[in-house]
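One letter stands for each residue in the lines below.
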Amino acid sequence: MGSLKNEKEMEETVEESKEAILYVNGVRKVLPDGLAHLTLLEYLRGVGLTGTKLGCGEGGCGACTVMISHYDRKLRKCVHYAVNACLAPLYSVEGMHVITVEGVGNHKRGLHPIQESLARSHGSQCGFCTPGFIMSLYALLRSSQTPPTEEQIEESLAGNLCRCTGYRPIVDAFRVFAKTSDVLYADISSLSLQEDEFVCPSTGKPCSCGSKTVNDIDTNGQIICSASYKPISYSEIDGSTYTDKELIFPPELLLRKLTPLNLSGLGGLKWHRPLTVKHVLELKEKYPNAKLLIGNTEVGIEMRLKKMQYKVLISVSHVPELNMLNVKEDGIEIGAAVRLTELLNLFREVVTQRPAHETSACKAFIEQLKWFAGTQIKNVASVGGNVCTASPISDLNPLWMAARAKFQIINFSGNIRTTLAENFFLDYRKVDLVADEILLSIFLPWTRPFEYVKEFKQAHRRDDDIAIVNAGMRVCLEEIGEEWVVSDASVAYGGVAPRSLGAIKTKEFLIGKKWNQHVLQGALNVLRADIELKEDAPGGMVEFRKSLTLSFFFKFFLWVSHQIEGKKSIKESLSSSHLSAIKSFHRPPLVASQDYDIKKHGTSVGLPEVHLSSKLQVTGEAEYTDDTAMPPNGLHAALVLSKKPHARILSIDDSGAKSSPGFAGSFFAKDVPGSNKIGPVVLDEELFASEFVTCVGQVIGVVVADTHENAKLGAAKVHVEYEELPAILSIEDAVSAKSFHPNSQKILRKGDVELCFQSDQCDMIIEGKVQVGGQEHFYLEPQSSLVWTMDGGNEVHMISSTQVGFTDEGKVLALDLQIYNNGGNSLDLSLAVVERAMFHSDNVYEIPHVRIFGSVCFTNFPSNTAFRGFGGPQGMLIAENWIQRIALELKKSPEEIREINFQGEGSILHYGQRLEYCTLAQMWNELKSACDFLKVREEVNEFNLHNQWKKRGVAMIPTKFGISFTTKFMNQAGALVNVYTDGTVLVTHGGVEMGQGLHTKVAQVAASAFNISLSSVFISETSTDKVPNASPTAASASSDMYAAAVLDACKQIKARMEPIASQRNFSSFAELATACYLERIDLSAHGFYITPDIGFDWSIGKGKPFNYFTYGAAFAEVEIDTLTGDFHTRTANIFMDLGYSLNPAIDVGQVEGAFIQGLGWVALEELKWGDAAHKWIRPGCLYTCGPGSYKIPSLNDIPFKFSVSLLKGHPNVKAIHSSKAVGEPPFFLASAVLFAIKDAIIAARAETGHTEWFPLDNPATPERIRMACLDEFTAPFISSDFHPKLSV
Ligand SMILES: Cc1cc2nc3c(=O)[nH]c(=O)nc-3n(C[C@H](O)[C@H](O)[C@H](O)COP(=O)(O)OP(=O)(O)OC[C@H]3O[C@@H](n4cnc5c(N)ncnc54)[C@H](O)[C@@H]3O)c2cc1C
Ligand code: FES
Ligand code: FES
């Protein structure tokens, strides 16, 4: 930005650059030679800008988002866009301005309105994703000349993941910048705008950057945001004034002419930046194996994750011939280096300008690009990069093929040849380019009248995910007599072969045929033979993928028929029920509500105070372990990991590592002084494997070197020789081999199950199996200590077999349950997990006779550990499965069965505990009326009646979660409170703040205890030198316990102060503290708390393991696409009983975050292991090990309507200030989504006469949803009892 000259003036003043430079946050940096191996992220973090985070390093999480600004000579304006710094090569931003979160605003100078808004809206918890979100919105606002719409804001965040918040508060914080609200921070009327000003969408200040009358308009009439803003007061926010201006675009970069670059990096890497295609070809001739580079979103992944070695990189982003974008009479010419965002913008423009029939293909591309990666990737990834990578799941290549695109190819001599896209893809990542050729451009012809092009894609997750199957289809119809006849056609698929595949026989079949039901049936038959997928095809899901090929074609047929309907003589009109197959997904702006009472206690308790760390998090100033500077001479370590699931170690040879650069040492089992045995509860693991390895990824040793890269290099050079042994790779294998962890079998009993089953009390007995897949913690912050490690294994896998007896009314009488938990290769916390699953497997239901066995299986997978809920959700899920099954058997609604089996006040649970203060029924009834359940049920039935291919489903699910560690001794907490003479209070306690707001709540308790403001209370980081022997921060009980321990210390100090305080009135707490100090009163106290009256005796299976229960209930309504398995949640309505909340805003954040994490568990997140079900994965290896293949919920997955209500008027007598624990209890409520999906599937199956019960494993991914909706498209590939594979 800055002051811009017009184009002519500029051309006169441009200067040749003499050195490689970069501006970072307005500061000029010279880029020395030798750094070609660095990413922008490594560079930024290396120079101390650690606000930009390293999450995944593969473009999948958005934590590393920064904004790039450069002067685009083609557009003659400054362009601003977000990129993933982890994939951007450092030299790719030469001559550009990089703005990081530090350049946006900071704690001392003042927060930017975006940061302020996010902090105040409780939009950060752990805060690791936060800078990335800030930068994505910042870039959107800086690049928008008018405020964006809410939809654009949500779209711009597609490449940013958050594991904590559930996204709702982020959307709420950001939507104040949308078009609908120009009251950004202050009331607009108070801004006293001048005539030519509007409210800048970026700063919220009056600005002329969007006005048509500003002076800084270039010769083309382009409006350039260049004016300096007039600062205004933000007094409505926090009284502070944000006086800083936005960072301007450095004038030097405006005047500077780009020059070719020839730089180098580690290992002899060469980096070239040619500026003409001629130069590109010369370089290619000189270095035939050189890689062309634009976005580096493929090459970066290949070099960093797949360890491919390229020696010469040619960055062609600035070559004008490769960046052409010409709208011509017969179509569009697209240079190979054109970025996908640019292409999308052009398509969007042409569809408004050209006749509709010409742009059918453009519209298909627009739709496909909408679901292509995140914004940051699309901003840099190129068309040519996508084409030439020739990925078999490329989203665009099937469309180029279908749309008759032609590729222009240029060789070293400058000769250009043209080939059809249809003929370009030869084999796996092999294209029709010889060594001396590169792709120059793509020509996309306009579509002709009655020519229709359509895109298809089904992925695990709708947003930012690679396809399972995608397709491009086209027909050109001609009206002959009274019929429509196919004059031309093309059908191409991705994800069904090693390359994008044309369905040639189908195409041939279609041409010349009349467009009617016969051609549909005929084409489907030919298609089945056209697409071949072998049983063990890489990627698995073979039946699903085959079904999708037919489903897509069916959709295409309906869509085309709909297009021509009414136009001319179409004989068969579509039934309105069929139209449901072609209605595309549209996400309306989020509607969310949070309803709670504020029960204030003292100065702070009960208030919705903002998370204490939020301001540091939104500015990137919060320091994580990975941000800590290495001490001088610090060394890095990398682990040597087992490659086998079960093997004897025959030898370890580290000679390769020893001669590796920077090597400092290597350590193995033999080098461990003292015991090599470790484990959190039972010492059943080895620090370094000595004789045997029992899983892939087990640590065998460690290599230490001067840099992280060198340590990894060294570790990779350690050669381990194995003798492979048989591996146990599933719960079923473990059960049949009786492979259990020692002393891990438990039993709970109530009544007499056998007798009940044998008696005639039970009208019906059902037997079944529930399988629950594991879940990754997937926190965004990498696992770091001062030594950076990479490790995996954070899951709970569960399988259970159940027998339930019940009456004709649906009253459950007896439950016989066996629960098997996949513990992996060590016990870790799995016993506690299975125990909690056993305790919770009644969920909220009264069962007179219960028998539950629990076992932890030993398998050759990395050890599994606890997730949010510690096994409780898995236990409750089993209960809800048999409830749902009883309902189906009795043809009643599951909600009815739930209600008649509810526990209530005084119920004696299967482990002997008596229910007290049970609020279940009240909450259930409030939820039922809040969501108007019966009415919605009817509406859903009505919808299903009229929509054959889309079905809706509803469910209401209750929960009861026991609060306390089930291991009694862990229920203790310590704290240290110091009062200073200036009236401030320093609190240290044994709990760990991980974003859940524990420190904030604890500080509120201290503030209220001393009757001082929250700003006078400080929390010192958890440290064992202040509070020893802390229990894990887990079991949802930390606020209860640590706040109580802090209150205990505060009370002690207050008691000591009391004699002084009662002497006279003190004007402030500081004055009182000083007076006490002068009287030699100890103003420091250690507080302690133990949870009273709990205990459990496993030898008799009876006791009181829990202090109290947190209750909740949720309603969900979903819609599924029965042809593809796509689903979305229309509504989620959650009620929680949290007593008198210590901080309702933080608690609502916990509820929302847990629900969305739970939604990932029930419907998205699937771990795929190399086991008998997944032969295409190496045995014992995890395939889904990063954001590319493991899909946690994105913003697009949250419910359209998302409401949270906290039950009012029910203080909890069992915990501090009448509050209740919140962290884990809401997680299970997301199963309302699972059961709503099942409800929708039941409706779909009923249409093909399948009314029998069927299992739906957790997670209900698109594959499971689609394959359960039996119809004519699944029939050729599966029988009605088909069960998609699941790693358990
Ligand atoms: C997080 C993430 C999400 C993604 N999501 C999707 C998705 O949803 N759908 C999808 O289809 N893809 C996806 N991709 C893949 C990738 O983004 C695209 O394929 C992208 O278009 C590649 O472009 P690029 O400019 O980054 O390629 P680069 O990495 O710069 O180059 C890729 C390859 O193309 C070659 N090449 C480039 N230009 C030419 C030319 N003119 N002539 C000859 N060879 C050339 C290069 O030599 C190199 O081998 C994703 C990738 C990531 C990292
Ligand atoms: S760290 Fe760059 S996207 Fe995850
Ligand atoms: S706050 Fe988003 S990942 Fe933690």
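Residues numbered from 1 in each chain as written. Chains lettered and ligands numbered in written order. Predicted model: local features only at pLDDT ≥ 70, side-chain atom pairs only at ≥ 80, totals over all residues. Heavy atoms only, no water.

The name recorded for the chain in an unreviewed UniProt entry is xanthine dehydrogenase, from Durio zibethinus. The annotation that UniProt attaches to the chain under Sequence similarities (unreviewed entry) is "Belongs to the xanthine dehydrogenase family." Its UniProt record gives the chain a comment under Subunit (unreviewed entry), which states: "Homodimer." (UniProt positions renumbered as here; feature names shortened; annotations may be inferred.)

## Points about the pattern of salt bridges
Enumeration according to the criterion identifies 66 salt bridges in this entry. The partner of Arg898 in a salt bridge is Glu880, and the shortest N-O contact between them spans 2.7 Å. Within this pair, whereas Arg898 is found in helix α26 (residues 894-900), its partner Glu880 is found in helix α25 (residues 872-890), the two being separated by 18 residues in sequence. We note that Arg898, like Glu880, is buried. (Salt bridge = Lys/Arg side-chain N within 4 Å of Asp/Glu carboxyl O. Helix = DSSP H or I, 4+ residues; strand = E, 2+ residues; numbered from the N terminus. Buried < 20%, exposed > 50% of the residue type's maximum accessible area, 1.4 Å probe, protein only.)

## Some details on helix α11 (residues 360-370)
The element α11 is extensively covered by neighbouring structure, given that eight of its 11 residues are classed as buried. Taken together, the buried positions of α11 are occupied by Ser360, Ala361, Cys362, Ala364, Phe365, Ile366, Gln368 and Leu369.

## Overview of the nonpolar core
One finds Phe174, Trp882, Phe1155 and Ile1237 to be the most contacted residues of the largest nonpolar core, which totals 199 residues. Membership of the second largest hydrophobic core comes to 95 residues, among which are Leu22, Leu269, Val277 and Leu283. (Core = buried A, V, L, I, M, F, W, Y, C linked by side-chain atoms within 4.5 Å.)

## Topic: a negative patch on the surface
Together, Asp760, Asp763, Asp808 and Glu809 make up a negatively charged patch on the protein surface. Structurally, the position occupied by Asp763 is in the loop between α23 (753-758) and β35 (764-772). (Patch = residues over 30% accessible without salt bridge, like charges linked within 9 Å, V, L, I, M, F, W, Y side chains within 5 Å. Areas by Shrake-Rupley, 256 points an atom, 1.4 Å probe, with all protein chains shown as cover. Lys, Arg positive; Asp, Glu negative; His and termini not counted. Charge placed at Lys NZ, Arg CZ, Asp CG, Glu CD.)

## Looking at the sheet that holds strand β43 (residues 1084-1090)
Here we have four strands laid out as an open sheet, ordered β42-β41-β40-β43, and mixed in their pairing. Every interior strand has two partners, whereas the edge strands, β42 (1017-1019) and β43, have only one. If you compare each strand with its neighbour and ignore which way they point, the axes differ by 25° on average. When strand β40 (residues 972-979) meets strand β41 (residues 985-989), the two strands line up antiparallel, connected through five bridges. Opposite Val977, over in β41, you have Val987 as the bridge partner. (Pairing = 2+ DSSP bridges. Axes fitted to C-alpha atoms, helices over the stretch in contact; angles between N-to-C directions.)

## A word on the site of ligand 1
Neighbouring ligand 1 are 30 residues; Lys291, Ile294, Thr297, Ser382 and Leu439 lie closest to it. Take Leu292: an N or O atom from its main chain is 3.0 Å from an oxygen atom of ligand 1. Separating an oxygen atom of ligand 1 from a backbone N or O atom of Val299 is a distance of 2.9 Å. Sorting the residues of the shell around ligand 1 by element identifies β12 (291-293), α13 (383-389) and β20 (437-445) as the ones contributing at least two each. Among the elements that take part in the shell around ligand 1, α13 stands out by supplying five residues, more than any other. Considering only residue class, the shell around ligand 1 consists of 14 nonpolar, 10 polar and six charged. (Near = heavy atom within 4 Å. Polar contact = N/O pair within 3.5 Å; in protein donor to acceptor, adjacent residues only side chain to side chain. Nonpolar A, V, L, I, M, F, W, Y, C, P; charged D, E, K, R; others polar.)

## Looking at helix α17 (residues 542-564)
With 23 residues, α17 extends 34 Å between its outermost C-alpha atoms, agreeing within 8% with the 33 Å of an ideal straight helix rising 1.5 Å per residue. Burial within α17 is extensive, with 20 of its 23 residues counted as buried. Count one or two residues on from α17 and you reach Gly566, which has phi positive near 80°. (Expected span 1.5 Å × (residues − 1).)

## Points about the side chain of Gln771
Summarising the element assignment, Gln771 is placed in strand β35. A relative accessible area of 10% means that Gln771 is categorised as buried. One polar contact links Gln771 to Asp1257, side chain to side chain, over a distance of 3.0 Å.

## What about the packing of helix α16 (residues 517-530) against α17?
Across the interface, α16 lies against α17 with an axial gap of 10 Å and an inter-helix angle of 155°. Comparing their axes, α17 and α16 come out roughly antiparallel. Judged by the sense of rotation from one axis to the other, the crossing of α16 with α17 is right-handed. In this structure, α16 contributes Gln517, Val519, Leu520, Ala523, Leu524, Leu527 and Arg528 to the contact, and α17 contributes Thr549, Leu550, Phe553, Phe554 and Phe557. Per-class residue counts for the contact of α16 with α17 are nine nonpolar, two polar and one charged. (Parallel < 35°, antiparallel > 145°, perpendicular 65-115°, else oblique. Left-handed = near helix turned anticlockwise from the far one by under 90°. Contact = heavy atoms within 4.5 Å.)

## Topic: the packing of helix α10 (residues 340-353) against α11
Taken N-terminus to C-terminus, the directions of α10 and α11 make an angle of 140°; their axes are 9 Å apart at the nearest point. Considering their axes alone, α10 and α11 lie oblique with respect to each other. Classified by chirality, the crossing of α11 by α10 is left-handed. Judged by residue contacts, Leu340, Leu343, Leu344, Phe347, Arg348, Val350 and Val351 of α10 engage Cys362, Lys363, Phe365, Ile366 and Leu369 from α11. Considered class by class, the residues forming the contact of α10 with α11 number 10 nonpolar, no polar and two charged.

## Observations regarding the confidence of the model for the chain
Residues at a pLDDT of 70 or more form 92% of the chain, whose mean pLDDT is 91. Long-range and interchain partners of residues 181-243, a stretch whose pLDDT sits below 50, account for 139 contacts in this model, where long-range means more than four residues apart. Note that pLDDT drops below 50 for residues 787-793; the model gives that stretch 15 contacts with residues more than four away or on any other chain. (pLDDT = per-residue confidence, 0-100.)

## What to know about the packing of aromatic side chains
Tallied over the full model, the rule gives 41 aromatic pairs. Consider the rings of Trp371 and Phe585, whose centres lie 6.1 Å apart with planes at 55°: the pair is tilted. Of the two residues, Trp371 is situated in the loop between α11 and α12 (375-380) and Phe585 in the loop between α18 (576-579) and β25 (591-595); the sequence distance between them amounts to 214 residues. A residue is classified by how much of its surface remains accessible, and Trp371, at 16% relative accessible area, is buried. With a centroid separation of 5.0 Å and an interplanar angle of 90°, the aromatic rings of Phe839 and Phe1096 are classed as edge-to-face. A residue pair is termed long-range when its members are at least 10 positions apart, and Phe839 in helix α24 (residues 830-839) and Phe1096 in strand β44 (residues 1095-1097) qualify at 257 residues. (Phe/Tyr/Trp six-rings, centres within 6.5 Å; stacked < 30°, edge-to-face > 60°.)

## Quick notes on the UniProt feature "active site" (unreviewed entry) in the chain
UniProt marks Glu1224 with the feature "active site" (unreviewed entry), using the numbering shown here. Inspection of the secondary structure assignment puts Glu1224 in the loop between β48 (1201-1206) and α33 (1231-1247). Aside from chain neighbours lying at most four places away, what touches Glu1224 is Phe867, Arg868, Gly869, Phe870, Phe961, Ala1035 and Ser1036.

## Re the UniProt feature "binding site: substrate" (unreviewed entry) in the chain
Per the UniProt record, "binding site: substrate" (unreviewed entry) is found at Arg836, Phe870 and Thr966. These annotated residues cover 131 residues of sequence, but their C-alpha atoms sit close together, with the largest distance between any two at 10.5 Å. As for its position among the elements, Arg836 is in helix α24. Excluding residues that lie within four positions of it along the chain, Arg836 makes contacts with Gly869, Phe870, Gly871, Gly872, Phe961, Gly962, Ser964, Thr966, Ala1035 and Phe1106. Looking at the secondary structure, you find Thr966 in the loop between β39 (950-963) and β40. In this structure, Thr966 is in contact with Glu835, Arg836, Phe839, Pro1105 and Phe1106, ignoring residues within four places of it in sequence.

## Description of empty space enclosed by the protein
Applying the stated criterion across every chain, the model contains 16 cavities of 30 Å³ or more. The calculated volume of the largest cavity comes to roughly 190 Å³. Around the largest cavity sit 14 residues that line it, and Glu151, Glu154, Glu155, Arg587 and Asn1196 are the ones nearest its centre. Looking at the lining of the largest cavity element by element, the count peaks at four residues for helix α5 (residues 150-156). For the lining of the largest cavity, the residue count by class is five nonpolar, two polar and seven charged. By volume, the second largest cavity is sized at about 150 Å³. Lining the second largest cavity are 15 residues, and of these Tyr81, Ser92, Ile294, Arg339 and Val380 sit closest to its centre. For the lining of the second largest cavity, the class distribution of residues is nine nonpolar, five polar and one charged. (1 Å grid on protein atoms, 1.4 Å probe; cavity = no way out; pocket = protein on both sides within 12 Å on 5 of 7 lines; lining within 4 Å. Points joined across faces, edges and corners; volume = space filled by probe spheres on them.)

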